[in-house]
Amino acid sequence: MERPYMICHMLTSLDGKIIGDYLREERTAAFIQEYENIHRRYGCKAWMCGRMTMEEHFTFGNQLDLRVENIPAIPRTDYVAKTDAKTYAVAVDPSGKLGWTTNHITDKDRFGDHIIEVLTEQVPDAYLAYLQHLGISYVFGGKDSLKFSVVAEKLKRLFFIDNLILEGGGFINGSLLNEGLIDELSLVLVPIADGASRSLTLFETSFHLKKQPPTHFFLKSIEKLNDGGLWIRYGTTPDRQ
Ligand SMILES: NC(=O)c1ccc[n+]([C@@H]2O[C@H](COP(=O)([O-])OP(=O)(O)OC[C@H]3O[C@@H](n4cnc5c(N)ncnc54)[C@H](OP(=O)(O)O)[C@@H]3O)[C@@H](O)[C@H]2O)c1
């Protein structure tokens, strides 16, 4: 299967948490900036996040009112609005909940990245009509549930994406880990222990994901960051540098 090389790039506390109070500590701001710098250093054509992360950081909870009558049935075929974008933002949104208002990211660090929605066929017709109206691309990853190997193959074939950065949260990371699709892990380690016991970690499973055997990683490099942080890179195969 032809698919993009996938790098899971995340910032964590010393105790592996991806959310929590440590993110609001003054010291952490510099590590969050470093996280963005490393994202740029990778120079990937696309990045991917789950619906919760997109909602928190990029659509800010905006809700759509799609109670429009007489929407014609729209076939469940992929919709490519743009193939010449410099960079793409891939949003995993199985039932079509994200309230985008433009077809690109407006955040200053990611401005202009063309949005591709990853959907299941259960999405309402009104949402598909809305995406087409805004010029947002979408691909289907399954009828009722998502198969990320299918999604990855489509991203490569339809948008020519060779390298993709997977950037959380824990559920989307866990989903791709489960399917054996992560080639590299890039961790920005913040030298703070969060201490919360009920919190999200790097890879989570959910009721619809069967836990797979443990995944082995192999060290590629370590770089010291200012103020005691680390940038650690692992591969999932021993020989790939
Ligand atoms: N520290 C970091 O580097 C970092 C990076 C990114 C995010 N975060 C944080 O992580 C938190 C969100 O993480 P999260 O794990 O709760 O959410 P998430 O992975 O961002 O999104 C989860 C949602 O994505 C969809 N999804 C994910 N896997 C799926 C699958 N296999 N099949 C179908 N749908 C799937 C579902 O959407 P539906 O609910 O619509 O079905 C699911 O609820 C946020 O607070 C964010 O700030 C931290």
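Summarised in this report is the structure supplied together with it.

Reading guide: rules and limits
Residues numbered from 1 in each chain as written. Predicted model: local features only at pLDDT ≥ 70, side-chain atom pairs only at ≥ 80, totals over all residues. Heavy atoms only, no water. Helix = DSSP H or I, 4+ residues; strand = E, 2+ residues; numbered from the N terminus. Rg over C-alpha atoms; globule rule 2.2 N^0.38 Å. Buried < 20%, exposed > 50% of the residue type's maximum accessible area, 1.4 Å probe, protein only. Contact = heavy atoms within 4.5 Å. Areas by Shrake-Rupley, 256 points an atom, 1.4 Å probe, with all protein chains shown as cover. Lys, Arg positive; Asp, Glu negative; His and termini not counted. Charge placed at Lys NZ, Arg CZ, Asp CG, Glu CD. Near = heavy atom within 4 Å. Polar contact = N/O pair within 3.5 Å; in protein donor to acceptor, adjacent residues only side chain to side chain. Salt bridge = Lys/Arg side-chain N within 4 Å of Asp/Glu carboxyl O. Pairing = 2+ DSSP bridges. Axes fitted to C-alpha atoms, helices over the stretch in contact; angles between N-to-C directions.

Considerations on the overall build of the protein chain
Move 1: Of the regular secondary structure elements, the protein chain holds five helices and nine strands.
Move 2: For the protein chain, whose C-alpha radius of gyration is 18 Å, the value lies close to the compact-globule estimate of 18 Å for 241 residues.
Move 3: Overall, the protein chain is about 60 × 40 × 35 Å in size when its C-alpha atoms are taken along their principal axes.
Move 4: Out of the 241 residues in the protein chain, the part that is buried amounts to 49%.
Move 5: Within the protein chain, contacts between residues at least 6 apart in sequence are counted, and of these 74% link residues at least 24 apart.
Move 6: For the protein chain, the exposed area adds up to about 12,400 Å²; of that, 52% sits on carbon and sulfur atoms.
Move 7: Of note, the protein chain has its 27 positive side-chain charges centred 4 Å away from the centre of its 32 negative side-chain charges.

Focus: the site of the ligand
Move 1: Leu11, Arg51, Thr53, Glu56 and His57 are the nearest of the 24 residues found near the ligand.
Move 2: Within the side chain of Arg51, one N or O atom sits 2.7 Å away from an oxygen atom of the ligand.
Move 3: The side chain of Lys97 places a nitrogen or oxygen atom 3.2 Å from an oxygen atom of the ligand.
Move 4: A total of 920 Å² of accessible area belongs to the ligand in isolation, and the protein chains cover 85% of it.

Regarding the side chain of Asp194
Move 1: Within the fold, Asp194 resides in the loop between β7 (184-189) and β8 (218-224).
Move 2: Salt bridges are absent for the buried Asp194, whose nearest opposite-charge side chain, Lys17, sits at 6.7 Å.
Move 3: Of the polar contacts made by the side chain of Asp194, one reaches the backbone nitrogen of Asp21; its length is 3.1 Å.
Move 4: Non-local contacts of Asp194, meaning those with residues more than four positions away in its chain, are made with Ser13, Asp15, Lys17, Ile19, Gly20, Asp21 and Tyr22.

Concerning the sheet that holds strand β3 (residues 88-92)
Move 1: Ordered by their spatial adjacency, nine strands build an open sheet running β5-β4-β3-β2-β6-β1-β7-β9-β8, and the pairing between neighbours is mixed. The open sheet terminates on both sides in strands that have one partner only, identified here as β5 (137-140) and β8. With direction set aside, neighbouring strand axes in the sheet form an average angle of 20°.
Move 2: As paired strands, strand β1 (residues 5-12) and strand β6 (residues 163-166) are joined by four bridges and run parallel to one another. Along β6, the bridge assignment pairs Tyr5 with Asn163.

Quick notes on the pattern of salt bridges
Move 1: Applying the stated criterion to the full structure yields 18 salt bridges.
Move 2: When the shortest N-O distance is used, the salt bridge between Asp84 and Lys82 registers 3.7 Å.
Move 3: By relative accessible area, Asp84 is classed as exposed at 60%.
Move 4: With relative accessibility at 34%, the residue Lys82 sits in the partly exposed group.
Move 5: Linked by salt bridges that have partners in common, Glu2, Lys156 and Asp162 make up one network.

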